[in-house]
Amino acid sequence: MKTVTRVLWAVAGVILILAGVFCLSNLGVAIVSLSLWLGISMLIAGIVDLVVFGLGHNVMYGSGWFLLDGILTILLSLFILFHQAFAALSLPFIFGMWLLFSGIAKFVNSFDLRRWGVRGWGWFTALGILLALAGFLSFLDPVAGLFAIGILVGISLILQGVGTLLRAIFSQRFLM
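Predicted model only: the values in this text are computed from it and were never measured.

Enquirer: Please clarify how the overall build of the protein should be interpreted in this entry.
Expert: For the protein, the count of helices and strands is seven helices and zero strands. Ordering the α and β elements of the protein from the N terminus gives α-α-α-α-α-α-α. Residues counted as buried form 44% of the 176 residues belonging to the protein. Taking all contacts inside the protein whose residues are at least 6 apart in sequence as the whole, residues at least 24 apart take part in 82%. With the model as given, the accessible surface of the protein reaches about 8,100 Å², and the carbon-plus-sulfur share is 78%.

Below, the structure written as structure tokens:
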């Protein structure tokens, strides 16, 4: 259980970070391609959260937040993947919702981890704040050019990847 959880989170984190680096290094990519990368990356991260929840929900602190984050991430990723044209037009809003919900979930989960005495809970608090702030900022100027969206998406995917890698690193602390 411990090794599988750690490996799955590490793989999802690396995929998210690579997707973020890809976005930052290819700012000229069409927004539809950007939404495809975002959708695939979000789908993989959401599936990993559901698998981890399924494997360890009865022995892991705060596992309900992983379930919620995974479900929301999968739902938004499926919307992006199956509605490419609409997703391209509404990408800042969809992406902003994902970051906002995921950031809030990580922020609230960090206080559960603190209450249970899990070391490293402050990292999740900081990451939750950064992700929620990035989500909020994406709502401020939805007509921003591809350049700005590409940078925001790239940085945010890297932050999500770092958060997922932190889950892998601290996974033994989540177990009861």
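Enquirer: I'm lost on the packing of aromatic side chains in this one. Help?
Expert: How two aromatic rings sit relative to each other is given by the distance of their centres and the angle of their planes. The full count for this structure, using the stated rule, is four aromatic pairs. Both rings, one in F124 and one in F170, keep their centres 6.3 Å apart while their planes meet at 65 degrees; by these two values the pair is edge-to-face. On the criterion of sequence distance, the pair formed by F124 in helix 5 (residues 121–140) and F170 in the loop between helix 6 (146–169) and helix 7 (171–174) is long-range, its members being 46 residues apart. Judged by its relative accessible area of 2%, F124 falls in the buried class. Judged by its relative accessible area of 10%, F170 is buried. By way of ring pairs, the aromatic residues F107, F111 and W121 are connected into one cluster.

Enquirer: Whenever I open this one, helix 3 (residues 63–82) confuses me. Can you help?
Expert: Three- or four-residue spacings in an α-helix give side chains the same orientation, since the helix completes a turn every 3.6 residues. With 20 residues, helix 3 should reach 28 Å at 1.5 Å per residue; the first-to-last C-alpha distance of 29 Å fits that figure. Within helix 3 the residues assigned to the buried category are S63, F66, D69, G70, T73, I74, L76, S77 and I80.

Enquirer: Can you walk me through the pattern of salt bridges in this structure?
Expert: Side chains bearing opposite charge may pair, as long as their charged atoms lie close to each other. In this structure the tally under the stated criterion is four salt bridges. Put simply, R167 and D49 hold a salt bridge, and the shortest N to O gap is 2.4 Å. Of this pair, R167 sits in helix 6 while D49 sits in helix 2 (residues 31–56), and the two are 118 residues apart along the sequence. Assessed through its relative accessible area of 4%, R167 is described here as buried. Judged by relative accessible area, D49 falls into the buried class, the value being 4%. Salt bridges here are not isolated pairs; linked through shared partners, they connect D49, D69, K106 and R167.

Enquirer: How should I be thinking about empty space enclosed by the protein in this particular structure?
Expert: Empty pockets left among the atoms are what a rolling probe the size of a water molecule brings to light. A complete count under the given rule lists one cavity of 30 Å³ or more for this structure. Computed from the structure, the largest cavity encloses a volume of approximately 70 Å³. As for the largest cavity, its lining consists of L16, A45, G46, D49, D69, T73, W98, S102, K106, Q160, T164 and R167. Going through the elements one at a time, helix 2, helix 3, helix 4 (84–115) and helix 6 are the ones with two or more residues in the lining of the largest cavity. Here the lining of the largest cavity is built from residues that sort into three nonpolar, five polar and four charged.

Enquirer: Is there a simple way to think about the packing of helix 3 against helix 4 in this case?
Expert: A pair of packed helices can be characterised by two numbers: the angle between their axes and the separation between those axes. Direction vectors running N to C along helix 3 and helix 4 enclose 175 degrees, while the axes themselves pass 9 Å from each other. In terms of their interaxial angle, helix 3 and helix 4 are classed as roughly antiparallel. Residue composition of the contact of helix 3 with helix 4, grouped by class: 16 nonpolar, four polar and three charged.

Enquirer: Even after reading the chapter, I still don't get the side chain of T73, so can you show me in this structure?
Expert: Residue position: T73 is located in helix 3. In terms of polar contacts, T73 uses its side chain to reach the side chain of W98, at 3.0 Å. With residues up to four places along the chain from it excluded, the contact list for T73 reads M42, G46 and W98.

Thresholds applied
Residues numbered from 1 in each chain as written. Predicted model: local features only at pLDDT ≥ 70, side-chain atom pairs only at ≥ 80, totals over all residues. Heavy atoms only, no water. Helix = DSSP H or I, 4+ residues; strand = E, 2+ residues; numbered from the N terminus. Buried < 20%, exposed > 50% of the residue type's maximum accessible area, 1.4 Å probe, protein only. Contact = heavy atoms within 4.5 Å. Areas by Shrake-Rupley, 256 points an atom, 1.4 Å probe, with all protein chains shown as cover. Phe/Tyr/Trp six-rings, centres within 6.5 Å; stacked < 30°, edge-to-face > 60°. Expected span 1.5 Å × (residues − 1). Salt bridge = Lys/Arg side-chain N within 4 Å of Asp/Glu carboxyl O. 1 Å grid on protein atoms, 1.4 Å probe; cavity = no way out; pocket = protein on both sides within 12 Å on 5 of 7 lines; lining within 4 Å. Points joined across faces, edges and corners; volume = space filled by probe spheres on them. Nonpolar A, V, L, I, M, F, W, Y, C, P; charged D, E, K, R; others polar. Axes fitted to C-alpha atoms, helices over the stretch in contact; angles between N-to-C directions. Parallel < 35°, antiparallel > 145°, perpendicular 65-115°, else oblique. Polar contact = N/O pair within 3.5 Å; in protein donor to acceptor, adjacent residues only side chain to side chain.

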